[in-house]
Amino acid sequence: MGKIAYLIKFNFLLHGLFYICIFTLLLGCSKERNKVPQHSTESTNIKILKIRDIRLEYSKEAAIGAITDMFINSNEYLYISDPSDGTLKIFSNTGKYLQSIGKRSGQPLFITGITVDKRGQIYISDLSTRSIFYYSPKGKLIDSLQVDEKSRFVIGIPRVFEDKLYIGVLESIYSTFEFFKSTIIGIYDKNSKKLLKKFGRFDKIYEDLSPLSPEIHFDIDNVGNIYVIECNSPHIFCYDSYGNESKTFGVKDENFKLPVSSMPKDVNLAWKWLATWSNMQFIKATGNYIFTSYFNRKEIVNDQYNEDFFLDMYTNDGRLIEHDFQLPGKLLFVKNDTLYIGTDLKSPTKVITIFKLILTNK
């Protein structure tokens, strides 16, 4: 994706459609190979050991243009959202292509988020229809939920807890320059589709420097606590399963760059502006720990940014275990003590590397 595509996204942003957060998800999708740092990166608190590479099958059906989200189920199947053709692609844990799902009557979805519940039911967000589509474990479309007219999809991240579906949405009454006043997550009854509550708030930096990127991510632990990160903030906002705020934690890493200005109106300046701040882009609540990851954009090569990726790790109650730990690629998923990192996502044959996380200072 080059500058022409960005001009389109930038124009949409000025008209209040918040596409900049989608654009930042898709940056770096060229065919150039990443320079992968050594995977032996260590600190005094944790280290990661390479287990093996998963080279995803490359064929006409299996080819992936980009990875915006990934989920690993209990069988260790890889569910990967690919915005290039609007499908969710499923691979085995050895990289064998199994199937694609997600098209409606032959039309591709604009997938911005996915999740899989304990029964194997798959949930896919579609930005173009402001909907979450429910699929059976075998990929059959069984239901859908369209968010209310007062809600606006941004990333539309879906998460499931018990009989409720949590979706990342903003309130449509707020303009591009006032979205920081909005709540950020809607709780819906999974079966009746009824909106139960909206909750969440933006960090104060969004009010001070409006407009910034409205990109948000969140995850839910096994007892229903909800952990939210926002693109331009180093903080983690914690809520209970009813959406009541309980605490905020998180440190500003040495490498984390806060924005110092809002997005410029000039397109060329805005393109450069994207490289002046860090992009929080991943959070996972697993077991007793919370993992977050952000990246810094570096030099532009062939109209594409290169990025450095960093990991922070906390206990569920907010105690810092590790911060500013440089990763060898984009963190895509965490399962127990296993990290799935995209170590080559720019070549036609994508490589996801499995690392084992080891605590060295318990």
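Here, the structure is the one placed above.
First, a word on what this report is: a plain description of the structure on this page. One numbering rule holds for all chains: residues counted from 1, following each sequence as written. In view of the model being predicted, local features appear only for residues whose pLDDT reaches at least 70, and side-chain atom pairs are presented and counted only at 80 or more, with totals across whole chains, interfaces and linings using the full set of residues. Only hydrogens and water are set aside when side-chain values are computed; all heavy atoms of the structure are taken into account.

### A short note on the overall build of the protein chain
Check the secondary structure of the protein chain and you find four helices and 24 strands. Exposed residues in this analysis have more than 50% of their type's maximum accessible area, buried residues have under 20%, and partly exposed residues fall in between, with area computed by a 1.4 Å probe over protein chains only. Out of the 362 residues in the protein chain, the part that is buried amounts to 57%. On the protein chain, roughly 15400 Å² of surface is accessible, and the fraction owed to carbon and sulfur atoms is 49%. Under the DSSP-based scheme used, a helix requires at least four consecutive residues in state H or I and a strand at least two consecutive residues in state E, with every element numbered from the N terminus. Surface accessibility in these figures is a Shrake-Rupley result with a 1.4 Å probe; residues are shielded only by whichever protein chains are displayed.

### Quick word on the sheet that holds strand β17 (residues 245-249)
Hydrogen bonds along the backbone pair up the strands of a sheet, which may run parallel or antiparallel. The four strands lie next to each other as β14-β15-β16-β17, forming an open sheet whose pairing is antiparallel. Whereas interior strands pair on both sides, the edge strands pair on one side only; in this sheet they are β14 (216-220) and β17. Here the average twist between neighbouring strands, direction ignored, is 20°. Any two strands with at least two DSSP-identified bridges between them are counted as paired. Taken together, the five bridges between β14 and strand β15 (residues 226-230) define a ladder with antiparallel strand orientation. Looking at the pairing, Asp219 lines up with Tyr227 of β15. An axis is simply a line fitted to the C-alpha atoms; with a helix, the fit covers only the stretch in contact. Between two such axes, the angle follows the N-to-C directions and lies from 0 to 180 degrees.

### Points about the packing of aromatic side chains
Here the aromatic set is Phe, Tyr and Trp, taking the six-membered ring for Trp, and pairing holds for ring centres within 6.5 Å; pairs whose planes are under 30 degrees apart are stacked, those over 60 apart are edge-to-face, and all others are tilted. One pass over the full model with this rule turns up 12 aromatic pairs. An aromatic cluster is defined as three or more aromatic residues linked by ring pairs; in this entry it consists of Phe179, Phe202 and Tyr206. By definition, being over a ring means that NZ of Lys or CZ of Arg is both within 6 Å of the ring centre and within 35 degrees of the ring normal. Between the NZ or CZ atom of Arg297 and the centre of the ring of Trp277, over which it lies, the distance is 4.8 Å.

### Some points on unusual backbone geometry
With omega at 0°, the peptide bond leading from Ser210 into Pro211 counts as cis. With respect to the secondary-structure elements, Pro211 resides in the loop between α3 (204-208) and β14. Unusually for a residue other than glycine, Arg130 sits at a positive phi of about 55°. For Arg130, a relative accessible area of 25% puts it in the partly exposed group. In this structure, Glu162 takes a positive phi of about 55° despite not being glycine. Looking at where Glu162 falls in the secondary structure, it is placed in the loop between β10 (151-161) and β11 (164-171).

### Some words on the side chain of Ser136
Within the secondary structure, Ser136 sits in the loop between β8 (131-135) and β9 (141-146). With residues near it in sequence (within four places) discarded, Ser136 still touches Gly120, Ile122 and Ile142. The contact rule is simple, with two residues in contact once any of their heavy atoms fall within 4.5 Å.

### Considering the nonpolar core
Side-chain atoms within 4.5 Å link the members of a nonpolar core, which is a set of buried Ala, Val, Leu, Ile, Met, Phe, Trp, Tyr and Cys residues. Core analysis: the biggest nonpolar cluster contains 32 residues, and Tyr166, Ile185, Phe202, Tyr206, Ile226 and Val228 have the highest contact counts within it. Counting only elements with at least two residues in this core, the list comes to β10, β11, β12 (185-189), α3, β14, β15, β16 (236-239) and α4 (267-273). Among the elements that take part in this core, β10 stands out by supplying four residues, more than any other. Contact partners of Tyr206, with chain neighbours within four places excluded, come to Phe179, Phe180, Leu212, Ser213, Glu230, Cys231, Asn232 and Ser233. In this structure, Ile64, Leu88, Leu332 and Ile354 belong to the second largest nonpolar core, which totals 30 residues.

### Brief notes about the sheet that holds strand β2 (residues 69-72)
Pairing is antiparallel in the open sheet, where four strands are placed in the order β2-β3-β4-β5. At either end of the open sheet lies a strand with only one pairing partner, and these are β2 and β5 (97-101). Strand-to-strand, the axes of this sheet are offset by a mean angle of 20°, without reference to chain direction. For strand β4 (residues 87-91) and β5, the ladder comprises four bridges, and the chain directions are antiparallel. Paired with Lys89 across the two strands is Ser100, which belongs to β5.

### Quick look at the environment of Leu196
Note that Leu196 resides in strand β13 (residues 195-199). Judged by relative accessible area, which is 43%, Leu196 ranks as partly exposed. Residues Leu196 and Leu165, 31 residues apart in the sequence, show an inter-C-alpha distance of 10.0 Å. Residues within four places of Leu196 in sequence aside, it is in contact with Lys164, Ile187, Tyr188 and Asp189.

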